[in-house]
Amino acid sequence: MTANTAEPEAHTADPADRRREQRGWYFYDFACSVYSTSVLTVFLGPYLTSVAKAAADAEGFVHPLGIPVRAGSLFAYSVSVSIVVAVLVMPLVGAAADRTGRKKPLLAVSAYTGAAATAGMFFLSGDRYLLGAFLLIVANASLAVSMVLYNAYLPQIAEPDERDAVSSRGWAFGYTSGALVLVMNLVLYSGHESFGLSEGAAVRICLASAGLWWGAFTLVPLRRLRDRRVRPHGEGAVGSGWRQLRETLRDMRRHPLTLSFLLAYLVYNDGVQTVISQASIYGSEELGLEQTTLITAVLLVQVLAVVGALGMGRMARTYGAKRTILASLAVWTLILAAGYFLPSGAPVAFFCLAAAIGLVLGGSQALSRSLFSHLVPRGKEAEYFSAYEMSDRGLSWLGPLVFGLAYQLTGSYRDAIISLVIFFAAGFVLLARVPVRAAVAAAGNPVPERI
């Protein structure tokens, strides 16, 4: 196997330069999180479903590529397809980034592809459900690819004892931007008539503005992050992409404890990602809540997720990242059980559930990222984070697929929500079995005092 070795100075030696890169790194979360919040979580699910219903036949089905799909399942299926596309692309991008050392140009291409697709959602109207599904697939896959590259910077810009805090601050920046944009969305959507807009036009402006925000603030990390040089190789990154992927998978088998963590993360994160992407559909279609209620609930999630990410980051310094994540998974299980029994047309109960989600969402994701960064061999950050991102977004297709199938078969979103409990319960058991201190040492990295 050809070693992919970065030059010895993998970290930024000067503390001031390192902090400058960290601040720039936070801003990619600030840029792209509005897509996850405003587009994927709040507006696109209900809106694309309404567009699909406008195009549906008398029995409520649309027929993309001749395949009968219930209109209410189109959004969940599109999310699953986007993830399959990401699975095919992410390992190649990660291998290319590590082989060439040029993460930043690849980050720019993936970020602006996603931002352009999101801005293009302004043209989603009438019965153009195929356009909506296509733009969703492109934007979601592009986000996943960009996050491979973004996350791969973490081991390079933060020392081992800094990573929990740095990762948590990144998530806090993301949730802050999500909350800020949601406030503007709420003003525009709730007052669309006073602005001379139809409800549909207001939604399309909210969707497109997320793409513009994503593109604009991506400029900050592109200016502040720097690529590390790698020793030259005889083969080009593109020509050897699949070979490098095979080598990466072979190399990962040499680190079975790292793979054990990835398996646990794959399982519980599948539940997290499905809750995020399907929450607005569940609230609008099953609980009969108004769009303004959903926006307010997600805004509450964003605000409390900042508190949760920072608070759980502090808890990790006392109890360790693994124990803190396990505690969050127990809370997630209780949240999903409560969600199943949530009464229809009860916004206060929905707000309470949203508050609980917010307090554990940011912390569980931030600490998972920082914990994994300790398990990555030096010089293989992008390759290993491509596998991580496959677990984060790339392989989280099963939850949305099960959710969509459950609705297709039963016509009830409530029947689908309870199935997600198994992801958190199984993830808890798998993570509890991972000896993280031994895993860090096996990867050749210094073991933090608390992990």
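Quick look at the structure, then.

Analysis parameters
Position numbers for residues count from 1 along each chain, tracking the sequence in the order it is written. Selection of residues for local features in this predicted model requires a pLDDT of at least 70, selection of side-chain atom pairs for listing and counting requires 80 or more, and totals for whole chains, interfaces and linings are taken over all residues. In computing side-chain properties, one takes all heavy atoms of the structure into account and sets aside hydrogens as well as water. Counting from the N terminus, the helices are DSSP H or I runs at least four residues long and the strands are E runs at least two residues long. Only C-alpha atoms enter the radius of gyration, while the globule expectation follows 2.2 Å times N to the 0.38, with N the number of residues. Exposure categories follow from relative accessible area, calculated using a 1.4 Å probe and restricted to protein chains: below 20% of the type maximum is buried, above 50% is exposed, and the middle band is partly exposed. Method for areas: the Shrake-Rupley scheme with a 1.4 Å probe, in which residue coverage is limited to the protein chains shown. For the purpose of counting charges, residues Lys and Arg are taken to be positive, whereas Asp and Glu are taken to be negative. His and the chain ends are not included. Just so you know, the charge point we use is NZ for Lys, CZ for Arg, CG for Asp and CD for Glu. For this text, the term disulfide refers to a pair of cysteine sulfurs within 2.5 Å. Salt bridge criterion: a side-chain nitrogen from Lys or Arg within 4 Å of a carboxyl oxygen from Asp or Glu. Patches draw on residues past 30% relative accessible area with no salt bridge. Two like charges within 9 Å are joined, as are two nonpolar side chains (Val, Leu, Ile, Met, Phe, Trp, Tyr) within 5 Å. Stacked, edge-to-face and tilted labels apply to pairs of Phe, Tyr and Trp rings (six-membered ring for Trp) whose centres lie within 6.5 Å, assigned for plane angles under 30 degrees, over 60, and everything in between, in that order. Charges are assigned to positions over rings by a cutoff of 6 Å between ring centre and Lys NZ or Arg CZ, combined with an angular limit of 35 degrees from the ring normal. Every axis corresponds to a line fitted to the C-alpha atoms, with the helix fit spanning only the stretch in contact, and the corresponding angles, defined between N-to-C directions, vary from 0 to 180 degrees. Under this scheme an angle from 65 to 115 degrees is roughly perpendicular, one under 35 degrees roughly parallel, and one over 145 degrees roughly antiparallel; angles in between are oblique. A contact between two residues is defined here by any heavy atoms of the two lying within 4.5 Å. The classification used treats Ala, Val, Leu, Ile, Met, Phe, Trp, Tyr, Cys and Pro as nonpolar, Asp, Glu, Lys and Arg as charged, and all other residues, Gly among them, as polar.

A short note on the overall build of the protein chain
1) Next: Tallying secondary structure elements over the protein chain gives 18 helices and 2 strands in all.
2) Next: Radius of gyration (C-alpha) of the protein chain: 21 Å, near the 22 Å computed for a compact globule of 451 residues.
3) Next: Residue burial in the protein chain is summarised as follows: out of 451 residues, 60% are buried.
4) Next: By element, 65% of the accessible surface of the protein chain is carried by carbon and sulfur atoms, the whole surface being about 17200 Å².
5) Next: Of note, the protein chain has its 37 positive side-chain charges centred 7 Å away from the centre of its 30 negative side-chain charges.

Comments concerning the state of the cysteines
1) Next: Considering all chains together, one arrives at 0 disulfides under this definition.
2) Next: Cys206 takes part in no disulfide bond, and the closest cysteine sulfur to it belongs to Cys32, at a distance of 19 Å.

Things to note about unusual backbone geometry
1) Next: For Leu65, which is not glycine, the phi dihedral falls at a positive 55°.
2) Next: Looking at where Leu65 falls in the secondary structure, it is placed in the loop between β1 (61-62) and β2 (69-70).

Some details on the pattern of salt bridges
1) Next: Summed over the entire model, instances satisfying the criterion amount to 4 salt bridges.
2) Next: A salt bridge links Glu162 to Arg18; its shortest N-O distance comes to 3.2 Å. Highlighted residues: Glu162 in the loop between α5 (154-157) and α6 (163-190) and Arg18 in helix α1 (residues 15-55), separated in sequence by 144 residues.
3) Next: Under the relative-accessibility criterion, Arg18 is labelled buried at 12%.
4) Next: One salt bridge connects Glu21 with Arg226, and the closest N-O pair in it is separated by 3.9 Å. Note that Glu21 is positioned in helix α1 and Arg226 in the loop between α8 (219-224) and α9 (241-252), a separation of 205 residues in sequence.
5) Next: Take Arg226: its relative accessible area is 37%, and that puts it in the partly exposed class.
6) Next: Look at the salt bridges and you will find they share partners, linking Arg18, Glu159 and Glu162 into a network.

Things to note about a nonpolar patch on the surface
1) Next: Together, Val81, Val84, Val85, Leu88 and Val89 make up an exposed nonpolar region whose accessible area comes to about 370 Å².
2) Next: Relative to the elements of secondary structure, Val84 occurs in helix α2 (residues 74-100).

Some remarks on the packing of aromatic side chains
1) Next: Summed over the entire model, instances satisfying the criterion amount to 18 aromatic pairs.
2) Next: Centre to centre, the rings of Tyr340 and Phe341 are 4.9 Å apart; their planes meet at 85°, and the pair counts as edge-to-face.
3) Next: Exposure remark for Tyr340: the relative accessible area of 26% places this residue in the partly exposed category.
4) Next: It is Lys103 that lies over the ring of Tyr153; its NZ or CZ is 5.6 Å from the centre.
5) Next: Here Arg204 stacks its cationic end above the ring of Phe122, 4.9 Å away from the centre of that ring.

Concerning the packing of helix α10 (residues 256-286) against helix α15 (residues 398-410)
1) Next: Following both chains from N to C, one finds α10 and α15 inclined at 55°, their axes separated by 8 Å at the closest point. Put simply, α10 runs oblique to α15. For the pair α10 and α15, contact is made by Asp270, Thr274 and Gln278 and by Leu398, Gly399, Pro400 and Phe403, respectively.
2) Next: Taken together, the residues of the contact of α10 with α15 sort by class into 3 nonpolar, 3 polar and 1 charged.

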